[in-house]
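The residues making up each chain are set out below.
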Amino acid sequence: MQKQRGVTVWFTGLSGAGKSTITSGVVKALQERGCDLEVMDGDEVRQNLTKGLGFSKADRDENIRRIGYVASLLTRHEVIVLVPVISPYREIRDEMRQKIGDFVEVFVNAPLAVCEQRDVKGLYKKARAGEIKQFTGIDDPYEPPLNPEVECRTDLETLAESVQKVLDCLTTRGYLQPDAP
Ligand code: ADP
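Residues numbered from 1 in each chain as written. Predicted model: local features only at pLDDT ≥ 70, side-chain atom pairs only at ≥ 80, totals over all residues. Heavy atoms only, no water.

Let's talk about the overall build of the protein chain
Phase 1: Each helix and strand in the protein chain was counted, giving seven helices and five strands.
Phase 2: Shown N-terminal to C-terminal, the secondary structure of the protein chain runs as helices and strands in the order β-α-β-α-α-β-α-β-α-α-β-α.
Phase 3: Here the protein chain has a C-alpha radius of gyration of 16 Å; the compact-globule value for 181 residues is 16 Å, and the two agree.
Phase 4: In terms of overall dimensions, the protein chain has a C-alpha envelope of 55 × 35 × 25 Å along the principal axes.
Phase 5: Across the 181 residues of the protein chain, 46% fall into the buried class.
Phase 6: Taking as baseline every contact in the protein chain between residues at least 6 positions apart, the subset at least 24 positions apart corresponds to 75%.
Phase 7: Counting every atom, the protein chain has about 9,500 Å² of accessible surface; 50% of that belongs to carbon and sulfur.
Phase 8: Side-chain charges in the protein chain split into 25 positive and 28 negative, and the spacing between the mean points of these groups amounts to 2 Å. (Helix = DSSP H or I, 4+ residues; strand = E, 2+ residues; numbered from the N terminus. Rg over C-alpha atoms; globule rule 2.2 N^0.38 Å. Buried < 20%, exposed > 50% of the residue type's maximum accessible area, 1.4 Å probe, protein only. Contact = heavy atoms within 4.5 Å. Areas by Shrake-Rupley, 256 points an atom, 1.4 Å probe, with all protein chains shown as cover. Lys, Arg positive; Asp, Glu negative; His and termini not counted. Charge placed at Lys NZ, Arg CZ, Asp CG, Glu CD.)

Written out as structure tokens, the structure reads:
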């Protein structure tokens, strides 16, 4: 059997855009294919690997650098690494792309108004009330990718369609077998 190639699949987008939900769908599909994978979820990482870091640009960049470092090690060892993190700054995302090499950027895109209406974690309400500062999209910037490998418009497509786009991209680029069941 041909050995799996490692890759980091980096999901960027606003809070509530659908990064975690699409990641879960991709995980399910990859597990069915028996792939070695790891998820570095933004919230979980901040509880562990990057505990203590805040939301200034410097801290956000440091958060991404540490995630990217671990993702690069795993990728090198033929793991498919799924990284659903807001990662609002373009430059640091591009730096991770250069460092990791096998890198697929997925722009999880829904208009701010839609994310805010979903308000999955109730954070937009708090940000609007001024209870949370430096909240991406409200009082902190979000720089969309200019050339993402995949864009999922989660306000216009179904979850299944979004997941399929990611799987198709991984297949086209040779990270998944085309004839996999
Ligand atoms: P994030 O991880 O980006 O903060 P979540 O995945 O937690 O966002 O929340 C996204 C919300 O949008 C979920 O409630 C999900 O059910 C909904 N949703 C609607 N359509 C889609 C889609 N096509 N892809 C992903 N999520 C979707």
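So, the sheet that holds strand β1 (residues 7-12)
The pairing of strands in a sheet happens through backbone hydrogen bonds and is either parallel or antiparallel.
Phase 1: Taken together, the five strands give an open sheet; going across it, the order is β2-β3-β1-β4-β5, and neighbouring strands pair in parallel fashion. The sheet is open, and its two borders are formed by β2 (37-39) and β5 (150-153), each paired with just one other strand. Strand-to-strand, the axes of this sheet are offset by a mean angle of 15°, without reference to chain direction.
Phase 2: Examined bridge by bridge, β2 and strand β3 (residues 80-84) share three bridges and lie parallel to one another. (Pairing = 2+ DSSP bridges. Axes fitted to C-alpha atoms, helices over the stretch in contact; angles between N-to-C directions.)

A word on the packing of aromatic side chains
Phase 1: Counted by the stated rule, this structure contains three aromatic pairs.
Phase 2: The ring of Y89 carries K57 above its face, with NZ or CZ at 4.9 Å from the centroid. (Phe/Tyr/Trp six-rings, centres within 6.5 Å; stacked < 30°, edge-to-face > 60°. Lys NZ or Arg CZ within 6 Å of the ring centre and 35° of its normal.)

Topic: the pairing of β1
Phase 1: Most of β1 sits out of view: six of its six residues are buried.
Phase 2: Of the two faces of β1, the one carrying V7, V9 and F11 and the one carrying T8, W10 and T12 are both buried.
Phase 3: Alignment of β1 against β3, held across five bridges, turns out to be parallel. Within β3, the position partnered with T8 by the bridge is V81.
Phase 4: When β1 meets strand β4 (residues 103-109), the two strands line up parallel, connected through five bridges. Note that in β4 the partner of F11 across the bridge is V106.

Worth remembering: the numbers are spatial, not functional.
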